Amino acid sequence: MAVSAERLLEELQIFGLDCEEALSEKLVELCALSGQDEEGLVSELVAFCTSKQKVSLTAEILGSFEYELLSKRTSRTKAGHGASRDGGHAGARDIVSIQELIEVEEEEENLLNAYTTPSKGSQKRAVTTPETPLTKRRVSTRSPHQLLSPSSFSPSATPSQKYASRNNRGEVVVSFGSAQGVSWSGSRGAGNVSVKVLGCPEPLTGSYKSMFQKLPDIREVLTCRIEELGSELKEHYRIEAFAPVLAPAQEPVTLLGQIGCDSNGKLNSKSVILEGDREHSSGAQIPVDLSELEEYSLFPGQIVLMEGTNTTGRKFVATKLYEGLLLPFYQPSEEEEDGGSEQTMVLLACGPFTTSDSITYDPLLDLIAVINRDRPDVCILFGPFLDAKHEQVESCLLTSPFEDVFKQCLRTIIEGTQSSGSNLVFIPSLRDVHHEPTYPQPPFSCPELPPEDRKRVQFVSEPCSLMVNGVVFGLTSTDLLFHMGAEEISSSSGPSDRFSRILKHILTQRSYYPLYPPQEDVAIDYEHFYAYAQLPVTPDVLVVPSELKYFVKDVLGCVCVNPGRLTKGQVGGTFGRLSLRRQAASASRRSPCVAAQVVRI
């Protein structure tokens, strides 16, 4: 298996991990030692550096990683030999397995006792030794009016030492616009801010049945998107007609289609295919030669317009790639312009709201303190609120149902911020363990929300287009930057910013998730995707939280923000804040985002 040092360095750059060029040979050696390709080794290396809170790769860190890699390999080998010696024996059972057996026995006894006359001495004493703690059925219920009490749902609610010992609280790590003189505090109050959801034509408001879609239905959605974008591109660039993808052509022709990969592997410059539209090409596919293109940026699922030649009908040689088109920006009414002339402060925070080594929600409590101090007009909070990837969730160590833990967390946020008067907007995540994991996600359901809080609390879907005082926000909690960054290929004659390219794709493809096929952990219902995951207009502000490095960028007139996550492993993360002021109507559009910052919690 040939391993490329350049490919390794490119993969590291995707995750923002700096690496000395002198270490590239060592990385190639580790690939051969572990038997992995570039992507597999970099994935393990990024996970290792994240756990050690390292942002750059040095010889010392690489030595530690090599030692851990060899240790894991040795332990797997020993485990394999042990399993082969044991043969069909199950081996020693752990404490959790023993506890499960005891529960099963208790249930069988209770079932038998239901059909017999209970005797005086037949009651079984509860097993409460230190090795076998009380089961969930014996845990006493807590008061529903109680605020966040981690000890009520976790037996090991110990605060994170690394998080508590951080020394960079409140540090501004990114600034955008004219931040000087901006007051980072709200002044309107919840009753004076207009917050409403935009839909295409209606927003997603409730749950729906999933897992019933058929392949023809998926193809119908993809075809409709190709035809809709194709017709607008055709009109804008004044193209007479599209040619079939398989028709031989000695003269330059223009093709419409969707980018795909010729195999199940990762897209590269040699594996690009173009799947034509239904009207002109009947969905036929043709390999694409990109060697004649000076610049390009492509990803699977991208709808493109290409010009080139197809001399044999078997391969299309692309010579020109047409630029995608933006939707128009939202034009506020006169009333919205009058109401938007004052400053509006918006706070953005994305989960997880706990550190990976604790379930105490200390970062969330610190965020509530920031909200009460700054009193932002609107707080937009992205999930996960109870992370499916948290080690206590994965290990089934919580003693309360996931839904109860989430409701306790939700009640803490709502009651804890009452004094601030801020509007609260909650957006679910595919990593919320208690919520429906299909994309697009319906809003959280909270029928027990007190009447006095309903005016300032809003639950919206994932993804969502939200209007705040005439300023349109595009919101998604799915890590689209990470997903598309791993699949996108590009070539450029000069310096090029990967984040800007991906954000430009999102805006010009007019979709909150233009990647197809999606990542394995994203289950898309395409019927609802077509109805609820498209951009109704080009947003003034696009918020795309990601594991990748935080930023604030102006892309094609849209201010794009990655506020980061509130926690990064065992340490504190970041949140974002925006200062908005709708400008007076003029010939040239001006962004309503006056200033933006990313701040450490």
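Structure shown above.
The present account deals with the structure reproduced in this document.

Criteria and cut-off values
Residues numbered from 1 in each chain as written. Predicted model: local features only at pLDDT ≥ 70, side-chain atom pairs only at ≥ 80, totals over all residues. Heavy atoms only, no water. Pairing = 2+ DSSP bridges. Helix = DSSP H or I, 4+ residues; strand = E, 2+ residues; numbered from the N terminus. Axes fitted to C-alpha atoms, helices over the stretch in contact; angles between N-to-C directions. Expected span 1.5 Å × (residues − 1). Buried < 20%, exposed > 50% of the residue type's maximum accessible area, 1.4 Å probe, protein only. Polar contact = N/O pair within 3.5 Å; in protein donor to acceptor, adjacent residues only side chain to side chain. Phe/Tyr/Trp six-rings, centres within 6.5 Å; stacked < 30°, edge-to-face > 60°. Arc of directions from axis to C-beta. Contact = heavy atoms within 4.5 Å. Disulfide = S-S within 2.5 Å. Core = buried A, V, L, I, M, F, W, Y, C linked by side-chain atoms within 4.5 Å. Salt bridge = Lys/Arg side-chain N within 4 Å of Asp/Glu carboxyl O.

Pairing within the open sheet is mixed, and its 6 strands lie in the order β4-β16-β17-β20-β22-β21. The open sheet has two edge strands, β4 (195-198) and β21 (551-555), and neither has a second partner. Ignoring which end each strand starts from, the neighbouring axes of this sheet average 25° apart. The sheet contact formed by β21 and strand β22 (residues 558-562) spans 5 bridges and is antiparallel. Within the sheet, the bridge partner assigned to phenylalanine 551 lies in β22 and is asparagine 562.

Okay, helix α14 (residues 498-509) next. Its 12 residues give α14 an end-to-end C-alpha distance of 16 Å, which sits within 8% of 16 Å, the value for a rise of 1.5 Å per residue. The element α14 is largely enclosed, with a buried count of 9 among its 12 residues. Listed as buried for α14 are Phe499, Arg501, Ile502, Leu503, His505, Ile506, Leu507, Thr508 and Gln509. The backbone nitrogen of phenylalanine 499 lies 3.3 Å from a side-chain oxygen of the residue at the head of α14, namely aspartate 497. Positive phi appears at arginine 510, one or two residues downstream of α14, with a value of about 60°.

What follows deals with the packing of aromatic side chains. Summed over the entire model, instances satisfying the criterion amount to 13 aromatic pairs. Ring geometry for phenylalanine 385 and phenylalanine 426: centres 5.8 Å apart, planes at 50°, overall tilted. You can see phenylalanine 385 sitting in the loop between β12 (378-382) and α11 (391-394) and its partner phenylalanine 426 sitting in strand β13 (residues 423-427), a full 41 residues away along the chain. Note on accessibility: phenylalanine 385 and phenylalanine 426 belong to one class, buried. Judged by centre distance (4.6 Å) and plane angle (45°), the rings of phenylalanine 406 and phenylalanine 444 are tilted. Of this pair, phenylalanine 406 sits in helix α12 (residues 402-416) while phenylalanine 444 sits in the loop between β14 (438-439) and β15 (457-459), and the two are 38 residues apart along the sequence.

On to the pairing of strand β16 (residues 464-468). In terms of burial, β16 is largely enclosed, as 5 of its 5 residues are buried. Across 4 bridges, the pairing between β4 and β16 is antiparallel. Bridging from a neighbouring strand, valine 195 pairs with valine 468 of β16. Hairpin connection, β16 to strand β17 (residues 471-475): the antiparallel pair is bridged by 2 residues, and asparagine 469 has positive phi, about 50°.

Moving on to helix α3 (residues 38-51). An ideal rise of 1.5 Å per residue puts 20 Å on 14 residues; α3 measures up with 20 Å between its terminal C-alpha atoms. Here α3 has its buried residues at Glu38, Leu41, Val42, Leu45, Val46, Phe48 and Cys49. Seen from one end, α3 has its buried residues packed into an arc of 160°, which puts them on one side. Glutamine 53, located one to two residues past α3, shows a positive phi value of around 55°.

With that settled, consider the environment of glutamine 285. The topology assignment puts glutamine 285 in strand β7 (residues 285-289). A relative accessible area of 47% means that glutamine 285 is categorised as partly exposed. Between the alpha carbons of glutamine 285 and leucine 274 there is a distance of 5.5 Å; along the sequence they are 11 residues apart. Not counting residues within four places of it along the chain, the set of residues in contact with glutamine 285 comprises Val245, Leu246, Ile273, Leu274 and Glu275. Within the local environment of glutamine 285, its side chain forms a polar contact with the side chain of glutamate 275, the two groups lying 3.5 Å apart.

The next point concerns the state of the cysteines. According to the stated counting rule, one finds 0 disulfides in the structure shown. A disulfide-free cysteine, cysteine 19 has its sulfur positioned 9.3 Å from the sulfur of cysteine 49, the nearest such atom. Assessed through its relative accessible area of 22%, cysteine 19 is described here as partly exposed.

Of all hydrophobic cores here, the largest spans 36 residues; its most connected members are Tyr361, Leu367, Phe385, Ile413, Phe426 and Phe575. If you list the elements that add at least two residues to this core, you get β11 (344-350), α10 (362-374), β12, α12, β13 and β15. Looking at which element gives the most residues to this core, the answer is α12, with 6 residues. Excluding residues that lie within four positions of it along the chain, leucine 367 makes contacts with Leu347, Ala349, Phe353, Leu381, Leu566, Phe575 and Ile601. Ranked by size, the runner-up nonpolar core spans 31 residues in total, among them Ile218, Leu481, Met484 and Phe499.

Right, let's talk about the pattern of salt bridges for a bit. This structure, assessed with the given rule, holds 22 salt bridges. Here glutamate 488 and arginine 498 are joined by a salt bridge, their closest N and O atoms 3.4 Å apart. Here glutamate 488, found in the loop between α13 (480-485) and β18 (489-491), pairs with arginine 498, found in helix α14; they are 10 residues apart in sequence, far enough to count as distant. Under the relative-accessibility criterion, arginine 498 is labelled partly exposed at 24%. Glutamate 547 serves as the salt-bridge partner of arginine 565, at 3.1 Å between the closest nitrogen and oxygen. Within this pair, whereas arginine 565 is found in the loop between β22 and β23 (567-568), its partner glutamate 547 is found in the loop between β20 (541-543) and β21, the two being separated by 18 residues in sequence.

So, about the side chain of serine 281. With respect to the helices, strands and loops of the structure, serine 281 is situated in helix α8 (residues 278-281). Not counting residues up to four positions away in its chain, the partners in contact with serine 281 are Ala243, Pro244, Val245 and Gly276.

To continue, consider the sheet that holds β12. Here 7 strands make up an open sheet; going across it, the order is β3-β26-β25-β11-β12-β13-β15 and the pairing mixed. Where the open sheet ends on each side, the last strands, each with one partner, are β3 (172-177) and β15. Across the sheet, the axes of successive neighbouring strands diverge by a mean angle of 15°, strand direction being ignored. The pairing of β11 with β12 spans 5 bridges and is classified as parallel. Paired with leucine 348 across the two strands is isoleucine 380, which belongs to β12. Against the sheet, α12 makes contact with β12, β13 and β15, and its axis sits at roughly 160° relative to β13, the strand it touches most.

What follows deals with the environment of valine 552. Here valine 552 lies in strand β21. Sequence spacing of valine 552 and alanine 596 is 44 residues, and the spatial spacing of their C-alpha atoms is 7.3 Å. If we ignore the near neighbours within four places in the chain, the residues touching valine 552 are Val174, Phe176, Val559, Cys560, Val561, Ala596 and Val598.

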